[in-house]
Amino acid sequence: MRRVLLSVLVASVLAGCASTDVKDEGAPVEDRKPDVVTAPTTKPAPPKQPTGPVVKQVESKPVSANPLKDPGSILSQRTIYFDYDSSAVKEEFKPVISAHAKFLTDNRGRKVTIQGNTDERGSREYNLALGQRRADSVKKMMMLLGATDSQIESVSFGEEKPAVMGTDDAAFSKNRRAEIVYDGE
């Protein structure tokens, strides 16, 4: 590129020297005005674009998985089991309730329904009342840990929605429960 510009410049200078103004033709060479030679104006070439693949730095952000659906999270546990004829929360289930209470505290827009259930022993009315006490026990504990009343609804299904069919103690123990159900799931 430089050679081309230099060649153009030299050619222009030489061409300018060969010509003279008409009014200076009769004057002696010493008195003649030298011709003014200007270099041609050219725009500089745009910078070359890279020819290889362009690699851009990508910022990595951690993907926030839904902790409610993560099987490794305590929040995936939603069932609280109770002893026969009891609505007292067992020690082993307090961490589960605490985790859900913290989640609700941190996510004030989320709501849950706690569904109380019983086994089939007892009258229908008694089981509805016991299921409600179980749901209310979980709700009360969540509220003591920071969740609000407006985030939690408690209902009883009594013996109407068994988790396991059967009339043995193993089936009964799976049906004495409260389930935490998040709205929209």
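Whatever comes next refers back to the structure up there.
Let us look at the structure shown here.

Reading the values: rules and limits
Residues numbered from 1 in each chain as written. Predicted model: local features only at pLDDT ≥ 70, side-chain atom pairs only at ≥ 80, totals over all residues. Heavy atoms only, no water. Axes fitted to C-alpha atoms, helices over the stretch in contact; angles between N-to-C directions. Helix = DSSP H or I, 4+ residues; strand = E, 2+ residues; numbered from the N terminus. Parallel < 35°, antiparallel > 145°, perpendicular 65-115°, else oblique. Left-handed = near helix turned anticlockwise from the far one by under 90°. Contact = heavy atoms within 4.5 Å. Nonpolar A, V, L, I, M, F, W, Y, C, P; charged D, E, K, R; others polar. Core = buried A, V, L, I, M, F, W, Y, C linked by side-chain atoms within 4.5 Å. Buried < 20%, exposed > 50% of the residue type's maximum accessible area, 1.4 Å probe, protein only. Pairing = 2+ DSSP bridges.

### Section: the packing of helix α2 (residues 94–106) against helix α3 (residues 124–144)
Two elements in contact, α2 and α3, have axes whose closest approach is 9 Å; the angle formed by their N-to-C orientations is 55°. By the angle between their directions, the pair α2 and α3 is classed as oblique. Considering only the axes of α2 and α3, their crossing is right-handed. In contact with Lys94, Ile97, Ser98, His100, Ala101 and Leu104 of α2, α3 contributes Val138, Met141 and Met142. Residue composition of the contact of α2 with α3, by class: six nonpolar, two polar and one charged.

### Side note on the nonpolar core
Core analysis: the largest hydrophobic core is formed by 23 residues, its most contacted members being Ile80, Ile114, Val138 and Met142. Of all the elements in the fold, those that place two or more residues in this core are α2, β2 (112–117), α3 and β4 (177–182). A per-element tally of this core places α2 first, with six residues. In contact with Val138, other than residues within four places in its own chain, are Ile80, Phe82, Val89, Ile97, Ile114 and Ala178.

### A closer look at the sheet that holds strand β1 (residues 79–81)
A sheet is described by the order of its strands in space; here four strands give the open sequence β1-β4-β2-β3, paired in mixed fashion. Only two strands of the sheet have a single partner each, and these edge strands are β1 and β3 (152–158). Averaged over neighbouring strand pairs, the angle between their axes works out to 20° when direction is ignored. The sheet contact formed by β2 and β4 spans six bridges and is antiparallel. Paired with Gly116 across the two strands is Ala178, which belongs to β4. Lying on the sheet, α2 is in contact with β1, β2, β3 and β4; it crosses β4 at an angle near 25°. Against the sheet, α3 makes contact with β1, β2, β3 and β4, and its axis sits at roughly 155° relative to β3, the strand it touches most.

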